[in-house]
Amino acid sequence: GQQVMQIPQYQHVQEGEDFTTYCNSSTTLSNIQWYKQRPGGHPVFLIQLVKSGEVKKQKRLTFQFGEAKKNSSLHITATQTTDVGTYFCAGSGGSNYKLTFGKGTLLTVNP
Amino acid sequence: NAGVMQNPRHLVRRRGQEARLRCSPMKGHSHVYWYRQLPEEGLKFMVYLQKENIIDESGMPKERFSAEFPKEGPSILRIQQVVRGDSAAYFCASSPAGAGFGYEQYFGPGTRLTVT
């Protein structure tokens, strides 16, 4: 079945440093979504990428979808303490309803 | 517009008891997904339901676990004869259509199940 791998598992940064998490799928994806989960909270949708090579920005967050639609990345510029949480990618491919989630990257930020 | 609601938020059960978790999707959403999350783990898909239908239960253990989404009322995830390994956070998510069509999933606050 489809597998979505995400690295790194953990990332600790100083406030102001940049952060990147990477997502790789074993199969070609039709779309990929990113979610953020604060400690003790629930996942919250951030964005969806659909097109090959697509790049989307949300303030300090930049999301990319690879040309082959098998990988994606999330980059945060100049991290803040409010960025703390686990970032999940979730891909859909083949089936028309099911998202396969990566294990997530836990970001901690030292003020 | 109320979001996805789950109750109870915390549930403690002794080994061998039944756990019943409820999920009310967002208004207008007819697709419900259940996920299980262990500490510091990702979200593991369990089951996908539409009203009165189970579409995909491939992620759900065949024994002791069942799910339903009746015509009226919330979706229910039932775990019979709970064991300590069932302790986890269970999240419900809803969407207006299948996520593969490009619809985001809206998650509820989760039910934290502890089996003693």
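The structure this text deals with has already been given above.
Small disclaimer: the values here were computed from a predicted structure and weren't measured. (Residues numbered from 1 in each chain as written. Chains lettered and ligands numbered in written order. Predicted model: local features only at pLDDT ≥ 70, side-chain atom pairs only at ≥ 80, totals over all residues. Heavy atoms only, no water.)

Engineer: Any chance you could explain the side chain of Asp86(B) here in plain terms?
Structural biologist: Positionally, Asp86(B) belongs in the loop between strand S8 (75-79) and strand S9 (88-95). Apart from the residues lying within four places of it in its own chain, the contact partners of Asp86(B) are Arg36(B), Arg64(B), Phe65(B), Ile79(B), Leu113(B) and Val115(B). (Helix = DSSP H or I, 4+ residues; strand = E, 2+ residues; numbered from the N terminus. Contact = heavy atoms within 4.5 Å.)

Engineer: How do you make sense of the sheet that holds strand S3 (residues 19-24) of chain B when you look at a structure like this?
Structural biologist: To summarise the sheet geometry, strands pair through backbone hydrogen bonds and adopt either a parallel or an antiparallel arrangement. Residues and elements named next belong to chain B. Here we have four strands laid out as an open sheet, ordered S1-S3-S8-S7, and antiparallel in their pairing. The sheet is open, and its two edges are formed by strand S1 (5-7) and strand S7 (65-68), each paired on a single side. Strand-to-strand twist of the sheet, defined as the mean angle between neighbouring strand axes without regard to direction, takes the value 15 degrees. In this sheet, S8 lies alongside S7 in antiparallel orientation, the contact comprising four bridges. What sits directly across from Ala67, in S8, is Leu77. (Pairing = 2+ DSSP bridges. Axes fitted to C-alpha atoms, helices over the stretch in contact; angles between N-to-C directions.)

Engineer: So what exactly am I meant to see when it comes to the packing of aromatic side chains here?
Structural biologist: By convention here, two paired aromatic rings are described through the distance between centres and the angle between planes. Residue and element names in this part refer to chain B. If you walk through the whole model with that rule in mind, you get 12 aromatic pairs over all chains. A ring pair is formed by Tyr35 and Phe107, whose centres lie 5.6 Å apart and whose planes are at 35 degrees; its orientation type is tilted. With Tyr35 in strand S4 (residues 31-37) and Phe107 in strand S10 (residues 106-107), this residue pair connects regions lying 72 residues apart in the sequence. Look at Phe107 and you get buried, because its relative accessible area is 7%. (Phe/Tyr/Trp six-rings, centres within 6.5 Å; stacked < 30°, edge-to-face > 60°. Buried < 20%, exposed > 50% of the residue type's maximum accessible area, 1.4 Å probe, protein only.)

Engineer: Could you clarify how one ought to interpret the sheet that holds strand S3 (residues 19-25) of chain A in this entry?
Structural biologist: Residue and element names in this part refer to chain A. In spatial order, the strands read S1-S3-S8-S7-S6; together these five strands make up an open sheet with antiparallel pairing. Edge positions in the open sheet fall to strand S1 (4-7) and strand S6 (55-58), since each of these has one partner strand only. Strand-to-strand twist in this sheet, taken as the mean axis angle between neighbours without regard to direction, amounts to 15 degrees. Note that S1 and S3 share four bridges and pair antiparallel. Among the inter-strand pairings, Val4 is bridged to a residue of S3, identified as Ser25.

Purely geometric numbers; function is a separate question.
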